[in-house]
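# Close look at the chain arrangement
Below, each chain spelled out in residue letters.
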Amino acid sequence: LQRNTKQREAILSCFSGEDRPMTATEIHTLAREEYPSLGIATVYRTVNAFVEAGVLAPVFIGGATRYELAEKRHHHHFHCQECDRAFCLQGRPVSEKGLAPKGFTVRDHDLVVSGACPACASNGKGGH
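Residues numbered from 1 in each chain as written. Predicted model: local features only at pLDDT ≥ 70, side-chain atom pairs only at ≥ 80, totals over all residues. Heavy atoms only, no water.

### Looking at the overall build of the chain
- For the chain, the helix and strand inventory stands at 4 helices and 5 strands.
- Each of the 128 residues in the chain was classed as buried or not, and the buried ones make up 31%.
- For the chain, restricting intrachain contacts to residue pairs at least 6 apart in sequence, the fraction spanning at least 24 positions comes to 48%.
- Put simply, the chain shows about 8200 Å² of open surface, and 49% of that area lies on carbon and sulfur atoms. (Helix = DSSP H or I, 4+ residues; strand = E, 2+ residues; numbered from the N terminus. Buried < 20%, exposed > 50% of the residue type's maximum accessible area, 1.4 Å probe, protein only. Contact = heavy atoms within 4.5 Å. Areas by Shrake-Rupley, 256 points an atom, 1.4 Å probe, with all protein chains shown as cover.)

### With respect to the sheet that holds strand E5 (residues 112-115)
- Ordered by their spatial adjacency, 3 strands build an open sheet running E4-E3-E5, and the pairing between neighbours is mixed. Whereas interior strands pair on both sides, the edge strands pair on one side only; in this sheet they are strand E4 (86-88) and E5. Between one strand and the next, the sheet's axes are offset by a mean angle of 25°, whatever the strand orientation.
- As judged from the 3 bridges shared by strand E3 (residues 77-80) and E4, these two strands associate in the antiparallel manner. Looking across to E4, one finds that His79 is bridged to Ala86. (Pairing = 2+ DSSP bridges. Axes fitted to C-alpha atoms, helices over the stretch in contact; angles between N-to-C directions.)

### Thoughts on the packing of aromatic side chains
- Scanning all chains against the criterion turns up 0 aromatic pairs.
- Arg20 extends its terminal NZ or CZ atom over the ring of Phe87, reaching a point 5.9 Å from the ring centre. (Phe/Tyr/Trp six-rings, centres within 6.5 Å; stacked < 30°, edge-to-face > 60°. Lys NZ or Arg CZ within 6 Å of the ring centre and 35° of its normal.)

### A short note on the pairing of strand E1 (residues 56-61)
- Where E1 lies against strand E2 (residues 64-69), 6 bridges are found, and the strand directions are antiparallel. Counted as the bridge partner of Ala57 is Glu68 from E2.
- Turn length for the E1-E2 hairpin, with the two strands adjacent in sequence and antiparallel, is 2 residues, and the turn residue Gly62 shows positive phi of about 60°.

### Side note on the pairing of E3
- The side-chain alternation of E3 yields two buried faces, one formed by His77 and His79 and the other by Phe78 and Cys80.
- Linking E3 to E4, which pair antiparallel, is a turn of 5 residues; within it Asp84 sits at a positive phi near 65°.
- Sheet topology note: the E3/E5 ladder contains 4 bridges and is parallel. Bridge pairing in E5 links His79 to Ser114.

Following this line, the structure appears as structure tokens:
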């Protein structure tokens, strides 16, 4: 990341405004509010450069790769099945202890809870 272009700044600012993992398409939509001529190919190149530099971390949620700031501590996620957005869960509802059968060693885990976010639930989309 040799240079700090306006495109890179617009992409990074998405993560200060939205404290949640986002797809490249979501990043593109948000960053275009600040930098209207930004192309999706530039978003992909920049996101990949940020991942390589350790600024962003990829997470796989709801069938899609999303990106969040790499500096975050281990945490879990919520995936809205209606609007397809992902959110960070506060705290750690699950720990490694007791996740695996006796004799197994857990080195890492991911937890994604699925359902409806408050906006979708209030629109009547959240129920089955």
